[in-house]
Amino acid sequence: MWIARNCKIARLQDCKCGLQEKFPNIIIWHCMCHRLELAVGDAVDSVTAVNHIKIFIDKLYSLYNTSPKARRKLEECAKELETQVLQMKRVLDTRWTPSSFRALRALWNNYKVLHKHFTDESNTGKSNTETATYSGLKATLETDAFIHSLAVMLDAISEISELSLILQSESTTIVKAYQAVKRTIRALAQQKDQDGENELSERTDYPYYTQYVKAMQEDSFKGVMIQEGRRRQPKLNKNAFLQSLIDNLSSRLECNVASQRSGMDSGASSREYKLLIRQIDTINPAKWPSDVESPWIAGEQQLKPLCERLQVPFEDTKRAFRDYVDDPCVVPHHIKMLKGTIDTLPVTSADCERGFSQMNLIDYKLRNKLTVQHVSDLIFVSLVGPPLSKFRPEKYVKKWVRNHRSAQDNRTRVATMKNNTRYQAIWNLF
């Protein structure tokens, strides 16, 4: 199986054709986590009201992450209100969706602290520019359109974030990923259908929008009076945003290529993906018809191309499959082998991303003399090595001593001590 990461579409198409010529049964798979980010990006681009939230958070990021003075004043306001300030980050950029969700949640939780800081600075600003900046940020926070847009985005992005974490899990298989995508689409559709404020005020599965509804009823959000929205900041259309997410998730994740706009035959790819899921469901008793009995010819017809594609002997698997249909409680050996082969098919390149992150931590500009072999060994140890609590150094210490690596070994080069007496007069003072 070959998983494609972010790359040029033409190059991806060339690689796909070349690999399929050499390996006809290869499964071409674009990383589902990257496809998820592309789907969210398309939804954000299609609904322009989201840009107001992005611009506001980018302003906060540049204000507090580049100015220690502003950060210190914000923490002083938080101390007065007995709350904890969460770190501000950018949203919907190159980072994956869980990072954007944490940034949006930090803004939501820090709402009261930010409003107090903006109020204080707008009244005591040292320059007209600072006063205007903080006054504008304060006015934006107080608008009902801003709180509404933030609540809608948080409830939607929380579902996408949960899906991203599931896809990144090591135990996620193709079938589990397909089920998680379908479940997320249904959850977003339910958010879109539940549009009555009275219904939402009693629900707990949409926590942020529920808080917004209660705030509108009280004309106050976290102790801050809500003002009418300004003309230049439109309210995010909840149904349009959720429908855009649903459409883009369906178009990008219900196939095995990057996009319908990628130049590939995405319709054929979607059919191929769903056919693969149906073939895999053949060995899942929960998906069998209620009146199935051995020999199940339709199931065997689905099983044969799957075995050929995964290079599993079909005749042995067919006999085991018939025994499995007769008694689903006992899983034969060849069915276990087929299931194990299917479970080894990865759906994302999350492990590769973790490897890249470790490489950046190990080989940075102050350690640029490490050889390729040393970097490879260090990455391997950091990724698959045991934790420090389970590390047993005894045999390595014995080997080190046995090879005469001690400091008293006379075969090692003795370091010469250099006595620099330049500062001898200063040393005598102590």
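None of the values given here were measured: they were computed from a predicted structure. (Residues numbered from 1 in each chain as written. Predicted model: local features only at pLDDT ≥ 70, side-chain atom pairs only at ≥ 80, totals over all residues. Heavy atoms only, no water.)

A cluster of nonpolar side chains, namely Phe380, Val381, Leu383 and Val384, defines an oily patch on the protein surface of about 410 Å² accessible area. In this fold, phenylalanine 380 is placed in helix α18 (residues 372–384). Residue classification places phenylalanine 380 among the exposed residues on the basis of a relative accessible area of 58%. (Patch = residues over 30% accessible without salt bridge, like charges linked within 9 Å, V, L, I, M, F, W, Y side chains within 5 Å. Areas by Shrake-Rupley, 256 points an atom, 1.4 Å probe, with all protein chains shown as cover. Salt bridge = Lys/Arg side-chain N within 4 Å of Asp/Glu carboxyl O. Helix = DSSP H or I, 4+ residues; strand = E, 2+ residues; numbered from the N terminus. Buried < 20%, exposed > 50% of the residue type's maximum accessible area, 1.4 Å probe, protein only.)

Residues other than glycine predominantly adopt negative phi, and peptide bonds predominantly adopt the trans conformation. Note the cis peptide between serine 294 and proline 295, where omega equals -5 degrees. Mapped onto the fold, proline 295 is located in the loop between α13 (266–281) and α14 (297–310). One non-glycine residue, aspartate 219, adopts positive backbone phi at about 60 degrees. Look at glutamine 311: it is not a glycine, yet its phi comes out positive at around 60 degrees. Mapping glutamine 311 onto the fold places it in the loop between α14 and α15 (314–326). Residue classification places glutamine 311 among the exposed residues on the basis of a relative accessible area of 69%.

With that settled, the discussion passes to the packing of aromatic side chains. In total, this model carries 11 aromatic pairs according to the counting rule given. With centroids separated by 6.1 Å and ring planes inclined at 70 degrees, the aromatic side chains of tryptophan 288 and tryptophan 296 adopt a geometry described as edge-to-face. With a relative accessible area of 18%, tryptophan 296 lands in the buried category. Three or more aromatic residues joined by ring pairs make a cluster, and in this case those are Trp108, Tyr111, Tyr208 and Phe221. Lying across the ring of tyrosine 209, lysine 238 places its NZ or CZ 5.4 Å from the centre. (Phe/Tyr/Trp six-rings, centres within 6.5 Å; stacked < 30°, edge-to-face > 60°. Lys NZ or Arg CZ within 6 Å of the ring centre and 35° of its normal.)

Attention now goes to the packing of helix α9 (residues 174–193) against helix α12 (residues 238–253). It is the contact of α9 with α12, at a shortest axis distance of 9 Å, that shows an interaxial angle of 165 degrees. When the axis of α9 is compared with that of α12, the two are roughly antiparallel. The hand of the α9/α12 crossing is left-handed. Taken together, the residues of α12 that come into contact with α9 (itself represented by Val181, Thr184, Ile185, Leu188, Ala189, Gln191 and Lys192) are Lys238, Asn239, Leu242, Gln243, Leu245, Ile246, Leu249, Ser250 and Leu253. Classifying every residue of the contact of α9 with α12 gives nine nonpolar, five polar and two charged. (Axes fitted to C-alpha atoms, helices over the stretch in contact; angles between N-to-C directions. Parallel < 35°, antiparallel > 145°, perpendicular 65-115°, else oblique. Left-handed = near helix turned anticlockwise from the far one by under 90°. Contact = heavy atoms within 4.5 Å. Nonpolar A, V, L, I, M, F, W, Y, C, P; charged D, E, K, R; others polar.)

Looking now at the pattern of salt bridges. Any two side chains of opposite charge can pair, so long as their charged atoms come close to each other. If you walk through the whole model with that rule in mind, you get eight salt bridges. Across the pair glutamate 315 and lysine 318 runs a salt bridge, and its minimum N-O distance is 3.5 Å. With glutamate 315 and lysine 318 both in helix α15 and three residues apart, the pair spans about one turn of that helix. Of the charged contacts, one joins arginine 319 and aspartate 316 as a salt bridge, the two residues approaching to 2.4 Å between their closest N and O atoms. Residue arginine 319 and its partner aspartate 316 are located together in helix α15, separated by three residues, close to a single helical turn. What makes arginine 319 partly exposed here is its relative accessible area of 47%.

Summarising the element assignment, valine 175 is placed in helix α9. On the accessibility criterion, valine 175 (15% relative accessible area) is buried. Along the sequence, valine 175 and arginine 278 sit 103 residues apart, while their C-alpha atoms lie 9.5 Å from each other. What valine 175 contacts, discounting residues up to four positions off in sequence, is Ile277, Ile280 and Asp281.

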